Protein chains: 2
Amino acid sequence: MAATIRDVAKKSGLSLGTVSKYINGHPVKETNRLLIEQAIQELQYKPNNIAKGLRNSQTFSVAVLLPMLTSNFCTSMISSIESYLLPKGYTVIVCECHNDAAMELQKARFLLDRMVDGIILIPYDSTGKQIELIQNNHTPLIVVDQIIKDHPSDTIILDNQRASYEPVKKLISLGHTKIAIITGGIDHYTSQQRLNGYEKALRECHLPIYKHYIQCGNYSTEGGYEAMMKLAKLPDPPTAVFISNYDMEIGAYIAINNLNLKIPEDISLIGFDNLPLVNIVNPPLSFSEQPTDEMGLTAAKLLYRRMLGDQSDYPKTLIHAPLFHYTDSICSPLDKERVRL
Amino acid sequence: MAATIRDVAKKSGLSLGTVSKYINGHPVKETNRLLIEQAIQELQYKPNNIAKGLRNSQTFSVAVLLPMLTSNFCTSMISSIESYLLPKGYTVIVCECHNDAAMELQKARFLLDRMVDGIILIPYDSTGKQIELIQNNHTPLIVVDQIIKDHPSDTIILDNQRASYEPVKKLISLGHTKIAIITGGIDHYTSQQRLNGYEKALRECHLPIYKHYIQCGNYSTEGGYEAMMKLAKLPDPPTAVFISNYDMEIGAYIAINNLNLKIPEDISLIGFDNLPLVNIVNPPLSFSEQPTDEMGLTAAKLLYRRMLGDQSDYPKTLIHAPLFHYTDSICSPLDKERVRL
DNA sequence: CTGAAAGCGCTAACAA
DNA sequence: TTGTTAGCGCTTTCAG
């Protein structure tokens, strides 16, 4: 079938070893180099990765272990990792744990048995059992999206706190005092951080933090809808809302429409992530942007370095800055009074 | 490091070959079986897939080659394929061609060089070059979502024509005569089929087919928004619209809201796919449902059979039936007149 | 710089 | 049934 290194050796009149050396970048006499290159050309020789892997115990594959493929963050992550690593000869395996800690651990084990060369983990379980398992196996690991307590590792995250702190500050600077937040699950790392940023901003400005202005939308569209409904029906509804992810933002937007509220006159809105909805609606929505592609790329690059054996600065934590886009979806709450007069 | 089959042989006092046979399901004397099982247990032996692969030239990996990870159809596909194939020991590789035919071909070549055991293809290029390449290499292949002309292969598709035909019939039966459709790209297989179904339904009922009632939204949220805007601003706007995918449906829904039109009084709406939006809005939206999970599972099962060497009924085409959900997002156009009187 | 040879972990053909 | 042995395609000593 396919030509082997042996065929190349035969055709070029050299030995197996010499050809192998050439292929692996070791110096070879100029004339021989040409001979080998010609043979490879003629035979259409392609090195067999399986055999190579058996010798070097590597598989030229990396895995992305993640909670759910339905999340935009996860797919965007995979996409940039694949773009970077495939040209380097790596295959990207996707492994979904379906928001189940036991399955996450089991799949981590599976991947280690399959001897993947590296793992990029978007953790579900925050106790860090998966991390221990992988680290005990000495497989290069990059953790993305969360910091897992007591489990140091190379980590890529967003500055989640700033991602909400800045927008809330912005709302306050416009004169808002009744600012609500729609958060993800209370036990979720990013959700917590984004809530922290919200509270920090209010506290800094000596504004009270009201329980009823903090609604959990579980990072889902349905949850965002329900949360917005509750906020709007409060006796003293907020004049501005920050929403901690895109899915909830869609839900909240639909809720606002159904209630016939106007953005920004009735309610100022700042959401999360730069996805289709925010730009097509009128007015376009303000949002904090998580540079997911860049984060994926950073993760892939760091993993690549680790797989090559470069352990410098381990464990390294890279914190990406959010970007902010402010549009006519926010305005001073006074505007409304003016309109009414 | 990890125990090898050799260690198991030593520990159980048997030969390499015997242990190998046991592992591969060949008969072994009962007492020896116990010996081997115990040794495996004690040594925590796990077969090395790389070595196995080198012998059998297989990699225990399958690839999903697809246009874009941002499509819900694609991720849902991957998800069900992974669920079925991972427990069987296969790893699922994802490979994105970014809507680029040349890249699709190049990545197909990469996957073949990496000797994946099978490929599930959601085609981008409809000329079928990728298919030829893969078939010439004798790698098991399942094509999903499209039928590529002159390139017979195992194929899993939705009955796309029926997915639009039935809803349009339904609208006609309610009394609508001004029915529009928002389609994907004109050269796209599923888009074309769904358009066919629309036209067939109208034709059967002797209703005219108007060019201006057929708007292309390119399967994107933005496109759906624009298309709906155009339809609404027509001198004689449609009383009902069928939308051929979910992303465009979100866009169209936002457009309808921005125009202050009411569903279903001003416009009856039937969309596509069972995703969050359709159920949270008020009224919930009617839609054709593509059973993506089931299609993914069917694809994975068929691929598995092919990889095991079962070639029965090749090439097999499996056509999945759409499901229909009708809600209060549609009503008779007469209702509107009544309201106005 | 080159060639010969050993061996990565496993399977399969063959002989016993 | 079981054990022996020859490789799958490649890398890497080690002599030359």
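As the structure is a computational prediction, the values presented were derived from the model and not from experiment.

What counts, and where the lines are drawn
Residues numbered from 1 in each chain as written. Chains lettered and ligands numbered in written order. Predicted model: local features only at pLDDT ≥ 70, side-chain atom pairs only at ≥ 80, totals over all residues. Heavy atoms only, no water. Contact = heavy atoms within 4.5 Å. Buried area = accessible area lost by both parts, 1.4 Å probe. Salt bridge = Lys/Arg side-chain N within 4 Å of Asp/Glu carboxyl O. Polar contact = N/O pair within 3.5 Å; in protein donor to acceptor, adjacent residues only side chain to side chain. Helix = DSSP H or I, 4+ residues; strand = E, 2+ residues; numbered from the N terminus. Nonpolar A, V, L, I, M, F, W, Y, C, P; charged D, E, K, R; others polar. Expected span 1.5 Å × (residues − 1). Buried < 20%, exposed > 50% of the residue type's maximum accessible area, 1.4 Å probe, protein only. Pairing = 2+ DSSP bridges. Right-handed = clockwise from strand over helix to strand, strands pointing away.

Asks: Looking at this structure, how should I read the interface of chain B and chain A?
Replies: Interfaces are often described in size by the accessible area the parts lose on coming together. Each partner contributes residues to the interface: chain B has 44 residues there, and chain A has 44 residues. For the chain B and chain A pair, buried surface summed over both sides reaches about 4,100 Å², with 62% attributable to carbon and sulfur atoms. Contact with chain A buries surface across chain B, with I50(B), R114(B) and I280(B) losing the most and accounting together for 17% of the total. Taken together, the connections running from chain B to chain A amount to four salt bridges. The shortest N-O distance in the salt bridge between K46(A) and D113(B) comes to 3.6 Å. At the junction of chain B and chain A, the tally comes to 14 residue pairs in polar contact (both at pLDDT 80 or more). At the level of secondary structure, the elements contributing two or more residues to the side of chain B that touches chain A comprise α4 (49-56), α5 (72-85), β2 (91-96), α6 (101-113), α10 (221-232), α11 (246-258) and α12 (276-280) of chain B. Here the element with the most residues in the side of chain B that touches chain A is β2(B); it accounts for six residues. Partitioning the side of chain B that touches chain A into residue classes produces 21 nonpolar, 16 polar and seven charged.

Asks: Looking at this structure, how should I read helix α9 (residues 189-204) of chain B?
Replies: In an α-helix, one turn spans 3.6 residues, which is why side chains three or four residues apart end up on the same side. Residue and element names in this part refer to chain B. With 16 residues, α9 extends 22 Å between its outermost C-alpha atoms, agreeing within 8% with the 22 Å of an ideal straight helix rising 1.5 Å per residue. All of the buried residues along α9 are Y189, T190, S191, Q193, R194, L195, G197, Y198, E199, A201 and L202. Buried positions along α9 lie against β5 (154-158), α8 (160-173), β6 (179-183), β7 (214-216) and β9 (268-272). Positioned one or two residues after α9, H206 has a phi angle of 60 degrees, which is positive.

Asks: Sorry, what's going on with the pairing of β6(B) here?
Replies: The side chains of a regular strand alternate between the sheet's two faces. Residue and element names in this part refer to chain B. Along β6, five of the five residues are buried, which leaves the element largely enclosed by surrounding structure. Going residue by residue along β6, you find I179, I181 and T183 tucked away on one face and A180 and I182 tucked away on the opposite face as well. In terms of strand pairing, β6 meets strand β8 (residues 240-243) through four bridges, oriented parallel. Note that in β8 the partner of I181 across the bridge is F242. Examined bridge by bridge, β6 and β7 share three bridges and lie parallel to one another. Opposite I181, over in β7, you have I214 as the bridge partner. The parallel pair β6 and β7 is bridged by α9, and the resulting crossover is right-handed.

These figures come from the coordinates and say nothing about function on their own.
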